[in-house]
Amino acid sequence: MEPKLDGNAAAGTLEEIFPFEMTMARATCAHCGAANMLGAAGAYMHGMGTVLRCPSCEGVLMRMAHMHGSYWLDMRGVRSLQMSEAAG
Ligand SMILES: [Zn+2]
């Protein structure tokens, strides 16, 4: 079994893609409708990439990988994603 981390562990990759503080982004789960900060999501790091799971229902929110010079995102588990403009 992969060790379970929290969403902060995935923030580095997310912040290479999105110009926002992604641990503070609020994701609405497509499975259960709960809205949680990505920093509160469960993160599972695989050799192939990272899986973020909803802290409410454990459904997969997002899969991401960075390989061969490309980023790959599967966001079918996120109904909406709300990001605040950077402060200052
Ligand atoms: Zn959920």
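Residues numbered from 1 in each chain as written. Predicted model: local features only at pLDDT ≥ 70, side-chain atom pairs only at ≥ 80, totals over all residues. Heavy atoms only, no water.

A.B. asks: Describe in detail the coordination of the zinc ion, supporting the description with residues and values.
C.D. replies: Around the zinc ion, the donor atoms from the protein are Cys29 (SG), Cys32 (SG), Cys54 (SG) and Cys57 (SG), and they sit 2.3 to 2.4 Å away. A residue is classified by how much of its surface remains accessible, and cysteine 54, at 1% relative accessible area, is buried. Cysteine 57 sits in the partly exposed class, given a relative accessible area of 32%. (Donors = N, O, S within 2.8 Å, 3.2 Å for Na, K, Ca; no water. Buried < 20%, exposed > 50% of the residue type's maximum accessible area, 1.4 Å probe, protein only.)

A.B. asks: A description of the pairing of strand 6 (residues 60–67) should follow, citing residues and the corresponding values.
C.D. replies: Two strands pair when backbone bridges link them, and strand 5 (residues 50–53) and strand 6 are joined in this way by 4 bridges, in the antiparallel orientation. Its bridge partner being in strand 6, arginine 53 is matched across the sheet by valine 60. Taken together, the 5 bridges between strand 6 and strand 7 (residues 70–74) define a ladder with antiparallel strand orientation. Looking at the pairing, methionine 64 lines up with leucine 73 of strand 7. Between strand 6 and strand 7, which follow one another and run antiparallel, lie 2 residues, and histidine 68 among them has a positive phi close to 50 degrees. (Pairing = 2+ DSSP bridges. Helix = DSSP H or I, 4+ residues; strand = E, 2+ residues; numbered from the N terminus.)

A.B. asks: I'd like a description of the sheet that holds strand 3 (residues 35–37), backed by residues and values.
C.D. replies: Overall, antiparallel pairing links the 3 strands, which are arranged 3-2-8 in an open sheet. Lying at the two open borders of the sheet, with one neighbouring strand each, are strand 3 and strand 8 (78–82). Looking at each pair of strands side by side, their axes are set apart by 25 degrees on average, direction ignored. As judged from the 4 bridges shared by strand 2 (residues 26–29) and strand 8, these two strands associate in the antiparallel manner. The partner of threonine 28 across the bridge, within strand 8, is serine 80. (Axes fitted to C-alpha atoms, helices over the stretch in contact; angles between N-to-C directions.)

A.B. asks: Run through the pattern of salt bridges, naming residues and quoting values.
C.D. replies: Charged atoms that come close allow side chains of opposite charge to pair. This structure, assessed with the given rule, holds 2 salt bridges. Aspartate 74 serves as the salt-bridge partner of arginine 63, at 3.5 Å between the closest nitrogen and oxygen. Taken together, the positions of arginine 63 in strand 6 and aspartate 74 in strand 7 put the pair 11 residues apart, joining distant regions of the chain. Overall, arginine 63 belongs to the partly exposed group, its relative accessible area being 35%. A residue is classified by how much of its surface remains accessible, and aspartate 74, at 9% relative accessible area, is buried. (Salt bridge = Lys/Arg side-chain N within 4 Å of Asp/Glu carboxyl O.)

A.B. asks: Describe the packing of aromatic side chains, naming the residues involved and giving the relevant values.
C.D. replies: Overall, the coordinates contain 0 aromatic pairs when judged by the stated rule. Stacked on the ring of tyrosine 44, the Lys or Arg arginine 53 has its end atom at 5.7 Å from the ring centre. (Phe/Tyr/Trp six-rings, centres within 6.5 Å; stacked < 30°, edge-to-face > 60°. Lys NZ or Arg CZ within 6 Å of the ring centre and 35° of its normal.)

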